[in-house]
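Commentary on secondary and tertiary structure
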Amino acid sequence: MANFFDDPDDYSSEEPAEAPRKHPAVRILGATVKYLFWGLILFINVLILWRVFSSGDPAGLKVVSANDALRAAYADYNSREHDKDDVEFAVYQRENARMNITDEDPDEETGYLGNYGYFGITDQVLFPYAGQAQITFRYNLSTLAHLKEDYGLATDPDPASDWYEVTLRVVMKDGSEKRLTPTETVKDKKSRYRYYKMTFEGIPELEEVSGIYADIYYLGDVDYTKRPYGDLCIYDSGYALRPYKLDRKDRAALAG
């Protein structure tokens, strides 16, 4: 039975009007835009992840290179008592958290070519107790195009060949210098990067050192009287040392 208080319009026999349907072309365009948007988001995330994982050091170069001298020094260090003022067995120094890369622009007055971002050191560790240093030197294959241009090479440098010499220039506080060549080099590659993990022996007592620099020369122009093609500072007496964290694999390698 109808309620006398009901609105007569509530019982209208007219069906509610349907919303006009979109033209098929409009629906297709909307779906395409939506899929393109989410596809772009997915692509950007994949690209970021690829860059993160492809630019990191190869796994084989992340472990400390332990020779007999370093193992002996590590055993001797652990056999002694140490107080809070003693230098750690493994230390590093970097002015900031980012990778140590060349950042010099060309100098028009001196004719210096400049090598902004050409080379980098992705890892560095000093072993004061053993008088050793280890660095991981890296460059992108795109750097070889700059090498060809900077030195006027007739042909493209072969990516599979070695093109650079890396030595350590140790500047003493008395003004003298000594140059160290690597006693061991382990090579690897990842994506478009080339890696060289180098061990240097003969590092003096750090109290006597003003700075340590990795000098990079083009193999066709190695002349220590000239400015290096690139140089990177791995130690400066004006900055504090920080403990280098040795992980389980590092300690296992040092223990032999």
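Located above this text is the structure these notes cover.
All of the points below concern the structure found in this document. Keep in mind the model is a prediction, meaning the values are calculated, not measured.

1. Considerations on the overall build of the protein chain
- Scanning the protein chain from N- to C-terminus turns up four helices and 11 strands.
- Residues classed as buried in the protein chain amount to 34% of the 256 residues present.
- Across the protein chain, contacts joining residues at least 24 apart in sequence account for 66% of those joining residues at least 6 apart.
- On the protein chain, roughly 16,500 Å² of surface is accessible, and the fraction owed to carbon and sulfur atoms is 54%.

2. With respect to the sheet that holds strand 9 (residues 209-218)
- The antiparallel open sheet is built from four strands, whose spatial order is 6-5-9-10. Looking at the sheet topology across the chains shown, the edges are occupied by strand 6 (177-180) and strand 10 (230-236). Sheet twist, expressed as the average angle between the axes of neighbouring strands with direction ignored, equals 25 degrees.
- With six bridges joining them, strand 9 and strand 10 adopt antiparallel strand pairing.

3. A few points about the pattern of salt bridges
- Counting across every chain of the model gives eight salt bridges.
- The shortest N-O distance in the salt bridge between Lys148 and Asp156 comes to 2.6 Å.
- On the basis of relative accessible area, Lys148 is assigned to the partly exposed category, the value being 27%.
- Put simply, Arg169 and Asp215 hold a salt bridge, and the shortest N to O gap is 2.7 Å. With Arg169 in strand 5 (residues 164-172) and Asp215 in strand 9, this residue pair connects regions lying 46 residues apart in the sequence.

4. Points about the side chain of Asp123
- By the element assignment, Asp123 lies in strand 3 (residues 119-127).
- Buried charge Asp123 goes without a salt bridge, the closest partner of opposite sign being Lys197 at 4.6 Å.
- Polar side-chain contacts of Asp123 include one of 2.8 Å to the side chain of Tyr244.

5. With respect to the environment of Arg169
- Residue classification places Arg169 among the buried positions, given a relative accessible area of 16%.
- As a C-alpha pair, Arg169 and Cys233 span 64 residues in sequence and 9.5 Å in three-dimensional space.
- In this view, Arg169 contacts Glu177, Lys178, Arg179, Gly211, Ile212, Tyr213, Asp215 and Asp231; residues no more than four positions away in its chain are not counted.
- Separated by 2.7 Å, the side chains of Arg169 and Asp215 make a polar contact.

6. With respect to empty space enclosed by the protein
- One pass over the structure, following the stated rule, counts one cavity of 30 Å³ or more.
- The calculated volume of the largest cavity comes to roughly 30 Å³.
- Forming the walls of the largest cavity are Lys62, Val63, Val64, Asp123, Val125, Gln134, Lys197 and Tyr244.
- Of the residues assigned to the lining of the largest cavity, the class counts are four nonpolar, one polar and three charged.

7. What about the pairing of strand 4 (residues 132-140)?
- Burial of strand 4 is extensive: eight of the nine residues sit out of reach of the surface.
- Across eight bridges, the pairing between strand 3 and strand 4 is antiparallel. The partner of Leu126 across the bridge, within strand 4, is Ala133.
- Between the end of strand 3 and the start of strand 4, which pair antiparallel, lie four residues, with Gly131 showing a positive phi angle near 65 degrees.
- Direction of pairing for strand 4 relative to strand 8 (residues 193-201): antiparallel, over a ladder of nine bridges. Bridging from a neighbouring strand, Asn140 pairs with Tyr193 of strand 8.

About the criteria used
- Residues numbered from 1 in each chain as written.
- Predicted model: local features only at pLDDT ≥ 70, side-chain atom pairs only at ≥ 80, totals over all residues.
- Heavy atoms only, no water.
- Helix = DSSP H or I, 4+ residues; strand = E, 2+ residues; numbered from the N terminus.
- Buried < 20%, exposed > 50% of the residue type's maximum accessible area, 1.4 Å probe, protein only.
- Contact = heavy atoms within 4.5 Å.
- Areas by Shrake-Rupley, 256 points an atom, 1.4 Å probe, with all protein chains shown as cover.
- Pairing = 2+ DSSP bridges.
- Axes fitted to C-alpha atoms, helices over the stretch in contact; angles between N-to-C directions.
- Salt bridge = Lys/Arg side-chain N within 4 Å of Asp/Glu carboxyl O.
- Lys, Arg positive; Asp, Glu negative; His and termini not counted.
- Polar contact = N/O pair within 3.5 Å; in protein donor to acceptor, adjacent residues only side chain to side chain.
- 1 Å grid on protein atoms, 1.4 Å probe; cavity = no way out; pocket = protein on both sides within 12 Å on 5 of 7 lines; lining within 4 Å.
- Points joined across faces, edges and corners; volume = space filled by probe spheres on them.
- Nonpolar A, V, L, I, M, F, W, Y, C, P; charged D, E, K, R; others polar.

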